[in-house]
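Inside the fold
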Amino acid sequence: MRCVVCGLPVEPDGRYPLCAGCAGPLLDEALESAGLAPPSGRASARCPVCGKAAFSEIGPCMRCRTAGYRFDSALPLLRYSGDARAALLSYKAGRTSLASFFAGALAAALSERFAGRAVVPVPPRPGKIRRDGWDQVERVAGILERRYGIVVVRVLRRAGGPQQKSLGLEARAANMRGAVSLRRGATSPLEPVLLDDVLTTGATLSACADALKAAGAARVDALVIAAD
Ligand SMILES: [Zn+2]
Ligand SMILES: [Zn+2]
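Everything quoted here is computed from the prediction, not taken from an experiment. (Residues numbered from 1 in each chain as written. Chains lettered and ligands numbered in written order. Predicted model: local features only at pLDDT ≥ 70, side-chain atom pairs only at ≥ 80, totals over all residues. Heavy atoms only, no water.)

So, on to the overall build of the protein chain. Helix and strand counts for the protein chain stand at 8 helices and 6 strands. Starting at the N terminus and ending at the C terminus, the protein chain contains elements arranged as α-α-β-α-α-β-α-α-β-α-β-β-α-β. Taken over the C-alpha trace, the protein chain has a radius of gyration of 17 Å; the compact-globule value for 228 residues is 17 Å, and the two agree within 12%. Seen along its three principal axes, the alpha-carbon backbone of the protein chain occupies a region of about 50 × 45 × 35 Å. Once local pairs closer than 6 in sequence are excluded, the contacts in the protein chain between residues at least 24 apart make up 71%. Taken as a whole, the protein chain presents about 10,900 Å² of accessible surface, with 52% of it coming from carbon and sulfur. (Helix = DSSP H or I, 4+ residues; strand = E, 2+ residues; numbered from the N terminus. Rg over C-alpha atoms; globule rule 2.2 N^0.38 Å. Contact = heavy atoms within 4.5 Å. Areas by Shrake-Rupley, 256 points an atom, 1.4 Å probe, with all protein chains shown as cover.)

Here the focus is the coordination of the zinc ion (ligand 1). With distances of 2.3 Å, the protein atoms coordinating the zinc ion (ligand 1) are C3 (SG), C6 (SG), C19 (SG) and C22 (SG). Given 4 donor atoms and angles of 104 to 116° at the metal, the environment of the zinc ion (ligand 1) is assigned as tetrahedral. Spacing between the donor residues of the zinc ion (ligand 1) along the chain follows C-x2-C-x12-C-x2-C. Given the relative accessible area of 8%, C22 is considered buried. (Donors = N, O, S within 2.8 Å, 3.2 Å for Na, K, Ca; no water. Tetrahedral: all angles 85-135°; square planar, octahedral: opposite > 155°, others 65-115°. Buried < 20%, exposed > 50% of the residue type's maximum accessible area, 1.4 Å probe, protein only.)

For the pair helix 4 (residues 98–113) and helix 6 (residues 136–148), the least separation of the axes is 9 Å and the interaxial angle reads 60°. The two elements helix 4 and helix 6 cross, and the hand of that crossing is right-handed. Within the contact between the two elements, helix 4 uses A99, S100, F102, A103, G104, L106, A107 and L110 and helix 6 uses R139, V140, I143, L144, R147 and Y148. (Axes fitted to C-alpha atoms, helices over the stretch in contact; angles between N-to-C directions. Left-handed = near helix turned anticlockwise from the far one by under 90°.)

Put simply, a metal with four donors set out as a tetrahedron has ideal angles of 109.5 degrees, and one with six donors set out as an octahedron has ideal angles of 90 or 180 degrees. Protein coordination of the zinc ion (ligand 2) is provided by C47 (SG), C50 (SG), C61 (SG) and C64 (SG), with donor distances spanning 2.3 Å. Here the zinc ion (ligand 2) binds 4 donor atoms, and the angle range of 107 to 113° at the metal identifies the geometry as tetrahedral. Going along the chain, you hit the donors of the zinc ion (ligand 2) in the pattern C-x2-C-x10-C-x2-C. Neither residue differs from the other here; C47 and C50 are each classed as buried.

Now for the pattern of salt bridges. Enumeration over the complete set of coordinates arrives at 10 salt bridges. For the salt bridge of R219 with D221, the shortest nitrogen-to-oxygen distance reads 2.8 Å. On the accessibility criterion, D221 (1% relative accessible area) is buried. A network of salt bridges, in which partner residues are shared, links R117, R219 and D221. (Salt bridge = Lys/Arg side-chain N within 4 Å of Asp/Glu carboxyl O.)

Along its 12 residues, helix 8 (residues 203–214) runs 16 Å from first to last C-alpha, staying within 8% of the 16 Å computed at 1.5 Å per residue. Extensive coverage of helix 8 is indicated by the burial of 10 of its 12 residues. All of the buried residues along helix 8 are A203, T204, L205, S206, A207, C208, A209, A211, L212 and K213. Once helix 8 ends, the next one or two residues include G216, with phi positive near 110°. (Expected span 1.5 Å × (residues − 1).)

Attention now moves to the pairing of strand 6 (residues 221–227). Across the 7 residues that make up strand 6, a large majority, 7, are buried. Note: strand 1 (residues 73–79) against strand 6, 6 bridges, orientation parallel. Of the residues in strand 6, the one forming a bridge with P76 is V224. Here strand 5 (residues 193–199) runs beside strand 6; their pairing, made up of 6 bridges, is parallel. Bridge pairing in strand 6 places L195 opposite L223. (Pairing = 2+ DSSP bridges.)

Written as C-alpha cells, this is what we have:
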C-alpha cells in the first residue's frame, strides 16, 4: 500500500493509505482546529460562524455577514488545500479506507467540542449510492458509531435538483432551499451536530440546519473535515 499523498510505501499494518510523514501534520492541524493542541500559528484567525480562515477580519467573515446561515457554527478541521485536498480527493475517488483516518480526527474533535451530542450526517444526493456504491460522509459516520460509540441519527433526506458544483453562489442557496427535509416520522435531536466532508458555500449545511430547526432543534453546529 502506498501513501495517497506522497506515494511512499505505508507501514504494512497501516489502516489507511497515508504514510506517517503525511498523516502526522494533517492530524496535528485537525487537533489544533478542535482545540486539542496549542496554537502553532498554522491555523490563522477564523470566522466564528463558518470556521474558515478570516485573515484580518474581526467577527464573522464577509460572506457570513450576509449569508443568513441557519447553522450556529461550523468547525472545519483542515484547510482544503495541499495534502488535505489530495487526501480528500483520493477518498472521494474511492480510497474508502481513508475514512478510518478522517473518523479518528473527527471523533477527537467531537469529544472535545461536542461531547454527548448526536451526529446527523448530511445526506447524499438521491441516486448517489446507487451510482457510486458508497457515500463518503456515511462511511465516516458508520466508523464514528461503531468504533467510537458516537450516537449517529440519520434523520435527513435530500431531494433531487441540479448538481451544486455546476451552480454559482446565489443559485446554490436557492437550489438548496427546501431540498432537505426530515425523513417521515423522524424527529430532530435537540442540539444536533451536522457532519459533512467539505464546506464550500455553506448552502448545504444551512439547508440541513433549517430542516432540523423546523423540526425542533434548538441549536445546530457543524463539524466538517475541511473547508476551502
Ligand atoms: Zn505520504
Ligand atoms: Zn464565515
